[in-house]
Amino acid sequence: VNVLTESSSQIFYKRGGLELTPLDNINSLLLVSFGGVLGSYIRFLIFQFLGKFFVKKYLKIVIINNLASFLLGLFSAILTDTTSLEYSNELVLIIIIGFLGGLSTFSTFIYDLLELSFNFKFSEIIEILLFSILFGLFSLSIGFLLGNQ
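Below is a summary of the structure that appears in this document.

Thresholds applied
Residues numbered from 1 in each chain as written. Predicted model: local features only at pLDDT ≥ 70, side-chain atom pairs only at ≥ 80, totals over all residues. Heavy atoms only, no water. Helix = DSSP H or I, 4+ residues; strand = E, 2+ residues; numbered from the N terminus. Expected span 1.5 Å × (residues − 1). Buried < 20%, exposed > 50% of the residue type's maximum accessible area, 1.4 Å probe, protein only. Arc of directions from axis to C-beta. Axes fitted to C-alpha atoms, helices over the stretch in contact; angles between N-to-C directions. Parallel < 35°, antiparallel > 145°, perpendicular 65-115°, else oblique. Left-handed = near helix turned anticlockwise from the far one by under 90°. Contact = heavy atoms within 4.5 Å. Nonpolar A, V, L, I, M, F, W, Y, C, P; charged D, E, K, R; others polar. Core = buried A, V, L, I, M, F, W, Y, C linked by side-chain atoms within 4.5 Å. Phe/Tyr/Trp six-rings, centres within 6.5 Å; stacked < 30°, edge-to-face > 60°. Lys NZ or Arg CZ within 6 Å of the ring centre and 35° of its normal.

Description of helix H4 (residues 106-118)
Right, on to step 1. The end-to-end C-alpha distance of H4, which contains 13 residues, comes to 19 Å, matching closely the 18 Å that a straight helix rising 1.5 Å per residue would cover.
Right, on to step 2. Within the sequence span of H4, burial applies to Phe 109, Asp 112, Leu 113, Leu 116 and Ser 117. Looking straight down H4, one finds that the buried residues subtend no more than 140 degrees of arc, so they occupy a single side. With respect to the buried face of H4, the exposed residues turned more than 90 degrees away are Ser 107 and Phe 118.
Right, on to step 3. The positive-phi residue at the C-terminal boundary of H4 is Phe 120, with phi of around 55 degrees.

Observations concerning the packing of helix H2 (residues 57-80) against H4
Right, on to step 1. It is at 10 Å that the axes of H2 and H4 come closest, and there the two elements cross at 150 degrees. What the angle tells us is that H2 and H4 run roughly antiparallel. The handedness of the crossing between H2 and H4 is left-handed. Along the contact surface, H2 presents Lys 57, Tyr 58, Ile 61, Val 62 and Asn 65, while H4 presents Thr 108, Phe 109, Tyr 111, Asp 112, Glu 115 and Leu 116.
Right, on to step 2. Looking at side-chain class alone, the contact of H2 with H4 contains 6 nonpolar, 2 polar and 3 charged residues.

Here we look at the nonpolar core
Right, on to step 1. Membership of the largest hydrophobic core is limited to 10 residues, which are Ile 64, Ala 68, Leu 71, Leu 74, Leu 79, Ile 95, Ile 96, Phe 99, Leu 100 and Leu 103.
Right, on to step 2. Counting residues per element, the ones that place at least two in this core are H2 and helix H3 (85-103).
Right, on to step 3. Val 62, Phe 109, Leu 116 and Ile 125 belong to the second-largest nonpolar core, a separate cluster that totals 8 residues.

A few points about the packing of aromatic side chains
Right, on to step 1. Enumeration over the complete set of coordinates arrives at 6 aromatic pairs.
Right, on to step 2. Judged by centre distance (6.1 Å) and plane angle (45 degrees), the ring pair of Phe 106 and Phe 109 falls under tilted. Placement of the pair is Phe 106 and Phe 109 together in helix H4, with a separation of 3 residues, close to one helical turn.
Right, on to step 3. Through successive ring pairs, a cluster of aromatic residues spans Phe 131, Phe 135 and Phe 138.
Right, on to step 4. Across the ring face of Phe 47, the terminal group of Lys 60 is positioned such that the distance to the ring centre comes to 4.3 Å.

Below you can see the structure in the form of structure tokens.
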């Protein structure tokens, strides 16, 4: 249940045990935004770099998304070991939600699959789907294992 209450002239957002002041919301917005800008820019740089090697567009997206999966596993393992919960929450906002959210690109992945379907390249669609899912899970697992070392 979402509840807005006024206490000592400050408004809190409550959901379950979570209480946020307006300042918390602004800090969260800034952390996620900063991470997202960095992640998106890094994705752009990787996309451009892979273009120098004549890598197909959909393969670039698969590579970038698998990198993001690896990093998600790595940072998830590392951040769960962080002793300060507040510090960990801020890192989750900037790295996992912001940076990795900006780095990965599900919508472009789906668009590429749609584009291939318009050209009746169904075997490539299945190949990309299987490769993305299997390699994504593998990348996530390897990142998680390395982060727990």
